[in-house]
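Here's the letter readout for the chains.
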Amino acid sequence: MAAITKKPYQLAPAGDSAILITFQQTICDTVSAYVSNATRAITDPAISGVTDVVPAFCSVLVCYDPAQLTFLEICGILRSRLENLSCQADQAGVVVTIPVCYGGAFGPDIEYVARHANLTVDEVIAIHTQPDYPIAMLGFLPGFAYLSGLDERLHTPRLETPRVRIDAGAVGIGGAQTGIYPMASPAGWQLIGNTPLRPWDPNRDPAFLYAAGDRIRFTPITPQEYEEISQQIAQGTYQYQIEPFGQSQ
């Protein structure tokens, strides 16, 4: 008798026109790879009758038109598409370099992060800029990327009292995550720096700098470089550093 292989996902209805594909409820590279690979398997090629596919940290929401597909039909299609689902990281996508001015007025909480980790500020910056961070999902705000891969040494509790407003471009750490605030908003994360880039700009084409499945690479800059890049962005002359994943730094 052939062995029965347990699927790494579960299907469940989400209302009358969507299905939620859920994986293990934890933030890790394996689950991120499952989500990314599942999203690509469902969208390439597109499924007639599917109206939207929304990846999250540990799940993928598939919205469909019930006038074109029944629940059982879409379940069958999804199971077929996910038959050989891999947990290996996809080599597709791009790496977007994000210049960050760390510390000082740009990152008022970086010294707290350093004390919490028993590190120097320079060590925090070196650790934070070392990996390429996979983008697990976009959410909360347009262009807000939820990143995986933050070094455990930099895991830092969120603020006890969130700030009412922080500047666009703020780079912060909240628990086991790091990310960029694409616009001015309330924030409960520890702010360690700021980037002059805007992950989301409705007046730019494309409006989003990156998508789920891409990666972000932080690089440190000086306050003077911050001002220079800000001017270039305002003038429309800034050259974004975007390269295929796997290309050497």
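Residues numbered from 1 in each chain as written. Predicted model: local features only at pLDDT ≥ 70, side-chain atom pairs only at ≥ 80, totals over all residues. Heavy atoms only, no water.

Student: Describe the pairing of strand 2 (residues 18-22), naming the residues involved and giving the relevant values.
Tutor: Relative to strand 2, strand 1 (residues 10-13) runs antiparallel, the two sharing four bridges. Paired with glutamine 10 across the strands is threonine 22, a residue of strand 2. The hairpin turn running from strand 1 into strand 2, its antiparallel successor, is four residues long, and glycine 15 in that turn takes a positive phi close to 80 degrees. Sheet analysis places strand 2 next to strand 4 (residues 59-64), joined by five bridges and oriented antiparallel. Pairing of alanine 18 across the sheet is with cysteine 63, part of strand 4. (Pairing = 2+ DSSP bridges. Helix = DSSP H or I, 4+ residues; strand = E, 2+ residues; numbered from the N terminus.)

Student: Tell me about the nonpolar core, residues and numbers included.
Tutor: Counting residues in each nonpolar core, the largest one holds 36 residues, and the members touching the most others are Ile21, Phe23, Ile42, Val60, Leu78, Leu82 and Tyr181. Secondary-structure elements contributing two or more residues to this core are strand 2, helix 1 (29-43), strand 3 (50-55), strand 4, helix 2 (71-81) and strand 6 (133-138). Looking at which element gives the most residues to this core, the answer is helix 1, with six residues. Residues contacting phenylalanine 23, with those up to four places away along its chain left out, are Pro8, Tyr9, Val31, Tyr34, Val35, Ala38, Cys58, Ser59, Val60 and Leu85. Ala145, Leu209, Phe218 and Tyr238 belong to the second-largest nonpolar core, a separate cluster that totals 32 residues. (Core = buried A, V, L, I, M, F, W, Y, C linked by side-chain atoms within 4.5 Å. Buried < 20%, exposed > 50% of the residue type's maximum accessible area, 1.4 Å probe, protein only. Contact = heavy atoms within 4.5 Å.)

Student: Summarise the sheet that holds strand 1; cite the residues concerned and give the values.
Tutor: Two pairing modes exist for strands in a sheet, parallel and antiparallel, and in both the strands are linked by backbone hydrogen bonds. Strand order in the open sheet formed by four strands is 1-2-4-3, with antiparallel pairing between adjacent strands. Of all the strands in the sheet, just strand 1 and strand 3 have a single pairing partner and so form its edges. Along the sheet, successive strands turn relative to each other by an average axial angle of 20 degrees, direction set aside. Along the sheet, helix 1 contacts strand 2, strand 3 and strand 4; its crossing angle with strand 4, the most-contacted strand, is approximately 20 degrees. Strands in contact with helix 2 are strand 1, strand 2, strand 3 and strand 4; relative to strand 2, the strand with the most contacts, it is inclined by about 35 degrees. (Axes fitted to C-alpha atoms, helices over the stretch in contact; angles between N-to-C directions.)

Student: Break down the packing of aromatic side chains for me, citing the residues and quoting the values.
Tutor: Geometrically, a pair of aromatic rings is defined through the distance of the ring centres and the angle of the planes. Tallying each qualifying case throughout the model produces 12 aromatic pairs. Seen in terms of ring centroids, tyrosine 9 and phenylalanine 23 are 6.4 Å apart; in terms of plane orientation they differ by 65 degrees. Their pairing is edge-to-face. Remark: phenylalanine 23 occurs in the loop between strand 2 and helix 1 and tyrosine 9 occurs in the segment before strand 1; sequence separation between them is 14 residues. Summarising the burial analysis for this pair, tyrosine 9 and phenylalanine 23 share the class buried. With centroids separated by 5.3 Å and ring planes inclined at 90 degrees, the aromatic side chains of phenylalanine 140 and phenylalanine 144 adopt a geometry described as edge-to-face. (Phe/Tyr/Trp six-rings, centres within 6.5 Å; stacked < 30°, edge-to-face > 60°.)

Student: Give a description of the side chain of serine 148 that names residues and reports values.
Tutor: If you trace the backbone, serine 148 turns up in the loop between strand 7 (145-147) and strand 8 (163-166). Residues in contact with serine 148, not counting those within four places in the same chain, are Ile27, Asp29, Ser32, Tyr133 and Pro134.

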